Every structure is written in C-alpha cells, then in structure tokens.
Amino acid sequence: MEMGVDRVKVVVGNTGLGYYKEVGSYDKYIDLRYSPELFMIRRDDSGINIGVAVTISKAIEAVKECNQHGFHTEENMVYKKIADHMEKVASGFIQNSASLGGNLVMAQRNHFPSDIATVLLAVGSLVNIMNGLKSEELTMEEFLRRPELDSKSILLSVKIPDWNRLMGISSGTRMNLLFETYRVAHNP
C-alpha cells in the first residue's frame, strides 16, 4: 500500500462481509444510503431503471409492479420470471439489507456466484457507471468481464430493458416466448 493513500470501501448494506471474510481493513467507508439518487426506481417505455442502493427486496417489488402496468403478455412474463427468480436469492434478512448494486459488484469483483447477475444478463440488462466525470453505459456482460471498478468509478444503476423493444417486437405481433430460470448458486 502506498504511503498517504487511504483504503476506501463503498457500502450500502455491507452484507458481503458475511460471505467474504475480509482480512484487510479500510481507512474510510463511504455509505451510499445517504445518496437519494442511488435509490431511484424509474419506469418508462424503454424498461425499468433501478439505482444501485435499492435493496434486493425493493428491486423485486419494482419488477413485480411492472406486471401491473399493462405491459404485453410476453414482457409481463419476463418481468414475473425475474422477480420470481430474485425471490429465491438469499434469506429475507439479506434481501432487505443487501443492495442490488452490491450484489453485482461482488459478482464482478470477487466472481461471486450471483443468480441475480445471471438473470439480468439473460434479459439484456445494462449498467450505468460513473467514471470520474464521465458516465458510461455497458451491457451486463461487458460489466462482468471488465476489470473491477477502481476508486474513481462507481456503479450507479441497472436498466432492465423493455422486452418487446429489445426483441424488436411490435405491439400487434403475437409471439410465444419461453423464458425459464434456475438457481445455480447455493446459499452458504
């Protein structure tokens, strides 16, 4: 470690500490629970955008609500499958404490076996990262493959796209879609 350089850890629920026993210590912790922009949930015609500080349980609720806003049947089914899958992840306590962003950063940084990252990858989700003063949008695959975020970068949000737009389906098109998910990670 360089002299005069603080070791900083960005946290929301810091539930990853229970999974990865950290041996090192940090000089400073930045708690994102006091950044309201990172708690936003926004729905529009292009999909649903979820801030990284949103807990997994709140993200599940937000995705479930997409089923109640008159979306097409196929899209309705995809959002329902995402929510159902996310409900199988971790205990209720962890879902209420852990953030969506923390789960994804653990998957990227520590190769955490994240079922959430897997299902978001399957539906073509995007992530928004602030790197210094520059905002960058990446596919989930690009995010998971890139080197871990450094101290100048922060994950801001996750976008679950409108399924019909993603697939180029017009509103009058009839389609049969099969979208199934299965748990791959075991609970420790």
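Note that the structure is predicted; figures quoted are calculated from it, not measured. (Residues numbered from 1 in each chain as written. Predicted model: local features only at pLDDT ≥ 70, side-chain atom pairs only at ≥ 80, totals over all residues. Heavy atoms only, no water.)

Visitor: What am I meant to see in the overall build of the chain here?
Guide: Tallying secondary structure elements over the chain gives 8 helices and 7 strands in all. Across the 188 residues that make up the chain, the buried fraction comes to 38%. Restricting to contacts in the chain with at least 6 residues of sequence separation, those with at least 24 account for 58%. (Helix = DSSP H or I, 4+ residues; strand = E, 2+ residues; numbered from the N terminus. Buried < 20%, exposed > 50% of the residue type's maximum accessible area, 1.4 Å probe, protein only. Contact = heavy atoms within 4.5 Å.)

Visitor: Looking at this structure, I do not really get the nonpolar core. What am I missing?
Guide: Soluble globular proteins tend to pack their nonpolar side chains together in the buried interior. The biggest cluster of nonpolar side chains holds 40 residues, and the ones touching the most others in it are Ile82, Leu100, Leu104, Leu120, Phe143, Leu155 and Ile160. Counting residues per element, the ones that place at least two in this core are strand S4 (47-51), helix H2 (56-66), helix H3 (73-87), helix H5 (100-110), helix H6 (115-122), strand S5 (126-131), helix H7 (140-145) and strand S7 (153-161). Broken down by element, this core gets its largest block of residues, 6 residues, from H2. Once residues lying within four places of it in the same chain are set aside, the contact partners of leucine 104 are Ile116, Ala117, Leu120, Met140, Phe143, Leu144, Leu155 and Val158. (Core = buried A, V, L, I, M, F, W, Y, C linked by side-chain atoms within 4.5 Å.)

Visitor: Explanation requested: the pairing of strand S3 (residues 41-44) in the structure shown.
Guide: For a regular strand, side-chain orientation follows a simple rule: the groups alternate between the two sheet faces. Bridge count between S3 and S4: 4 bridges; the pairing is antiparallel. Residue pairing for S4: arginine 43 is matched across the bridge by isoleucine 48. The turn joining S3 and S4, which pair antiparallel and follow one another in sequence, is formed by 2 residues. (Pairing = 2+ DSSP bridges.)

Visitor: Would you mind showing me how to read the environment of glutamate 137 here?
Guide: Topologically, glutamate 137 is positioned in strand S6 (residues 134-139). For the pair glutamate 137 and serine 157, spaced 20 residues apart in the sequence, the C-alpha separation amounts to 9.4 Å. Discounting residues that sit within four places of it in the chain, glutamate 137 has contacts with Leu126 and Val127.

Visitor: What is the right way to look at the packing of H5 against H6 in this model?
Guide: Two quantities define a packed helix pair, namely the angle between the helix axes and the distance between the axes. For the pair H5 and H6, interaxial distance at closest approach is 8 Å and the crossing angle is 90°. The angle between H5 and H6 places the two elements in the roughly perpendicular class. Contact with H5, carried on its side by Leu100, Asn103, Leu104 and Ala107, involves Ile116, Ala117 and Leu120 of H6 and no other residues of that element. Of the residues belonging to the contact of H5 with H6, the class tally is 6 nonpolar, 1 polar and no charged. (Axes fitted to C-alpha atoms, helices over the stretch in contact; angles between N-to-C directions. Parallel < 35°, antiparallel > 145°, perpendicular 65-115°, else oblique. Nonpolar A, V, L, I, M, F, W, Y, C, P; charged D, E, K, R; others polar.)

Visitor: What is the right way to look at the side chain of lysine 159 in this model?
Guide: Turning to its location among the elements, lysine 159 is positioned in strand S7. The class for lysine 159 is buried, based on a relative accessible area of 14%. Leave out the neighbours within four places in its chain, and lysine 159 touches Asp44, Ser46, Gly47, Ile48, Asn49, Ser125 and Leu126.

Visitor: Help me understand unusual backbone geometry, please; the structure alone is not making it clear to me.
Guide: Working note: non-glycine residues mostly have negative phi, and peptide bonds are mostly trans. Of note, the phi angle at alanine 90 is positive, near 65°, even though the residue is not glycine. Along the chain, alanine 90 falls in the loop between H3 and helix H4 (92-97).

Visitor: What's the story with the environment of isoleucine 116 in this structure? I'm lost.
Guide: Mapped onto the elements of the fold, isoleucine 116 is located in helix H6. The class for isoleucine 116 is buried, based on a relative accessible area of 0%. Distance in space between the C-alpha atoms of isoleucine 116 and methionine 86 is 6.2 Å, their sequence separation being 30 residues. What isoleucine 116 contacts, discounting residues up to four positions off in sequence, is Ile56, Met86, Val89, Leu100, Asn103 and Leu104.

Visitor: Explain the pattern of salt bridges here, please?
Guide: Two side chains that carry opposite charge are able to pair once their charged atoms sit near each other. If you walk through the whole model with that rule in mind, you get 7 salt bridges. Notably, a salt bridge pairs glutamate 87 with lysine 64, separated by 2.5 Å at the nearest N-O pair. Of the two residues, glutamate 87 sits in helix H3 while lysine 64 sits in helix H2, which places them 23 residues apart along the sequence. The partly exposed category is assigned to glutamate 87, whose relative accessible area is 37%. We classify lysine 64 as partly exposed; its relative accessible area is 34%. The partner of glutamate 141 in a salt bridge is arginine 145, with the nearest N and O atoms 3.0 Å apart. (Salt bridge = Lys/Arg side-chain N within 4 Å of Asp/Glu carboxyl O.)

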